[in-house]
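Structural characterization, general
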Amino acid sequence: MKLLLFATASAFALPLVKITDRALGSRGCLFTFHRAAPTDLWKRLPNRNFHVDVDFLDRFLAHLVANGWDVVTMSEAVRRSASADRTGRYVNFSIDDCYRDTFEVLAPLFRRHKVPLTLFVTTGIPDGTLSLWPAGLEDALMNRDRVVVGDTTIELGDAQSRRDAYHRIATSWDGPDAEAHYAAFCAANGIDGGAMHWNHAISWDMLEELAKDPLFEIGAHTVTHARISTLEPEAALAELEQSRRRLNERLGIGVEHFAFPYGRAGDCGPRDFALARHAGFRSAATTRKGLVGRGRDAFSLPRNTINGGHRSVAAMEMHLTGLTGTVARVIGRD
Ligand SMILES: [Zn+2]
């Protein structure tokens with residue numbers, strides 16, 4: 001099904017955009033992703049689905065601008081969605097969590113294209129209180145010849161074997177004991193977990209520099225990357241309010257926008273949208289696919305996730321036409 005739809009998107013992308021334009025009038029498409037890497041590095045990454053190939057992003061940004069899409073901040077997207085005027089086609093890009101490559105790879109790219117980028121920061125990352133075990137595991141699997149996991153030594157060979165190892169180990173660790181598994185892994189392999197954190201985390205110094213540049217808009221993405229729907233109301237509200245306060249106090253900026261961790265239908269619902277409003281945000285974003293039409297509720301905004309498997313600009317037209325959102329709803333994967 002996926003292949004067929006992608007083929008359809010490549011062949012008919014432009015007519016579809018025109019038809020959707022006539023049918024919907026003004027509309028916005030919000031994109032989100034996590035990390036980015038240059039092509040040479042991307043090919044070797046054991047968890048490359050989590051990283052966007054920056055060369056692809058470069059081509060995609062050029063394509064959007066050439067085809068009449070305005071790349072805007074989340075503030076502007078929210079303003080346009082609430083406006084009765086015809087506001088044209090617009091796109092927003094947001095980064096969730098925020099890693100070091102946001103500063104080193106993405107900020108220069110977006111500056112070069114002179115288009116804005118929204119950063120949804122999980123404050124436990126620059127505060128050093130949130131374990132980045134997936135990044136540490138990936139780093140070790142990419143850069144070492146062998147690793148010790150439990151009582152097994154795994155010899156690492158080509159990129160595919162490293163991807164297989166990542167998938168196997170991460171799947172077995174995922175859950176409440178992930179941090180303990182990672183601590184044991186660091187000890188067994190002589191890895192300094194603290195130093196490894198800063199190899200991948202964004203720092204407050206980096207965020208301070210980005211916050212001074214009007215191209216970069218900073219929003220909140222909780223303190224601990226909690227799945228908000230699973231928390232009691234007080235704890236859920238604390239995640240929203242404390243991340244906002246911490247960003248405000250550390251960067252001296254107003255923080256108006258929020259993005260729900262994970263963001264799918266089971267991860268955040270109507271109670272949580274109301275909490276985001278109560279916490280004083282002006283908008284909250286999910287990762288449910290679709291477009292932002294006029295009058296859209298600002299506290300359950302759809303965003304389309306770009307992952308490492310996306311490397312074709314033509315396939316992105318699926319999101320820009322709203323087709324992926326329609327398909328996700330039809331097959332019950334929103
Ligand atoms: Zn996240």
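Keep in mind it's a predicted model, so treat the numbers as computed, not measured.

**Describing the overall build of the protein chain**
When helices and strands are tallied, the protein chain shows 14 helices and twelve strands. Across the 334 residues in the protein chain, those meeting the buried criterion constitute 41%. Summarising the internal contacts of the protein chain: among those between residues at least 6 apart in sequence, 70% fall at separations of at least 24.

**Some words on the nonpolar core**
Counting 79 residues, the largest nonpolar core has Leu 119, Val 121, Leu 137, Ala 276 and Ala 284 as its most contacted members. Those residues in contact with Val 121 that lie beyond four places of it in its chain are Cys 98, Pro 126, Leu 207, Ile 218, Ala 220, His 221 and Leu 247.

**A few points about the pairing of strand 9 (residues 216-220)**
Burial of strand 9 is extensive: five of the five residues sit out of reach of the surface. Looking at chain direction, strand 6 (residues 117-121) and strand 9 are connected through five bridges and run parallel. If you follow Phe 120 over to strand 9, its bridge partner there is Gly 219.

**Some details on the environment of Ala 284**
The topology assignment puts Ala 284 in strand 11 (residues 283-285). By the C-beta count within 10 Å, which is 27 here, Ala 284 ends up buried. Considered as a pair, Ala 284 and Gly 263 are 21 residues apart in the sequence and their alpha carbons are 10.0 Å apart. If we ignore the near neighbours within four places in the chain, the residues touching Ala 284 are Phe 258, Phe 260, Phe 273, Ala 276, Phe 299, Ser 300 and Leu 301.

**Quick word on the confidence of the model for the protein chain**
Across the protein chain, pLDDT averages 91, with 89% of residues at or above 70. Per-residue pLDDT stays below 50 along residues 1-12; that stretch engages in ten contacts with residues further than four places along the chain or on separate chains.

**A word on unusual backbone geometry**
Of note in this structure, Asp 97 is not a glycine but carries a positive phi near 80°. Mapped onto the elements of the fold, Asp 97 is located in strand 5 (residues 89-97). At Thr 222, a residue that is not glycine, the phi angle is positive and equals roughly 70°.

**Notes on the packing of helix 11 (residues 233-251) against helix 12 (residues 270-278)**
In contact at an axis separation of 10 Å, helix 11 and helix 12 are set at 50° when each is read in the N-to-C sense. As summarised for this structure, helix 11 and helix 12 are arranged oblique, according to the angle between their axes. Judged by the sense of rotation from one axis to the other, the crossing of helix 11 with helix 12 is right-handed. Facing Pro 233, Ala 236, Leu 237 and Leu 240 of helix 11, the residues of helix 12 in contact are Asp 272, Leu 275, Ala 276 and His 278. Class assignment for the residues of the contact of helix 11 with helix 12 results in six nonpolar, one polar and one charged.

**So, the packing of helix 6 (residues 133-143) against helix 8 (residues 178-189)**
Orientation of helix 6 relative to helix 8, taken along the N-to-C sense of each, is 30°, at an axis distance of 10 Å. On the basis of the axis angle, helix 6 is roughly parallel to helix 8. Relative to helix 8, helix 6 is oriented so that their crossing is left-handed. Facing Trp 133, Gly 136, Leu 137 and Ala 140 of helix 6, the residues of helix 8 in contact are Ala 178, Glu 179, Tyr 182, Phe 185 and Asn 189.

Each value, and the rule that gives it
- Residues numbered from 1 in each chain as written.
- Predicted model: local features only at pLDDT ≥ 70, side-chain atom pairs only at ≥ 80, totals over all residues.
- Helix = DSSP H or I, 4+ residues; strand = E, 2+ residues; numbered from the N terminus.
- Buried ≥ 20, exposed ≤ 12 C-beta atoms within 10 Å, placed from the backbone.
- Contact = placed C-beta atoms within 7 Å.
- Core = buried A, V, L, I, M, F, W, Y, C linked by C-beta atoms within 7 Å.
- Pairing = 2+ DSSP bridges.
- pLDDT = per-residue confidence, 0-100.
- Axes fitted to C-alpha atoms, helices over the stretch in contact; angles between N-to-C directions.
- Parallel < 35°, antiparallel > 145°, perpendicular 65-115°, else oblique.
- Left-handed = near helix turned anticlockwise from the far one by under 90°.
- Nonpolar A, V, L, I, M, F, W, Y, C, P; charged D, E, K, R; others polar.

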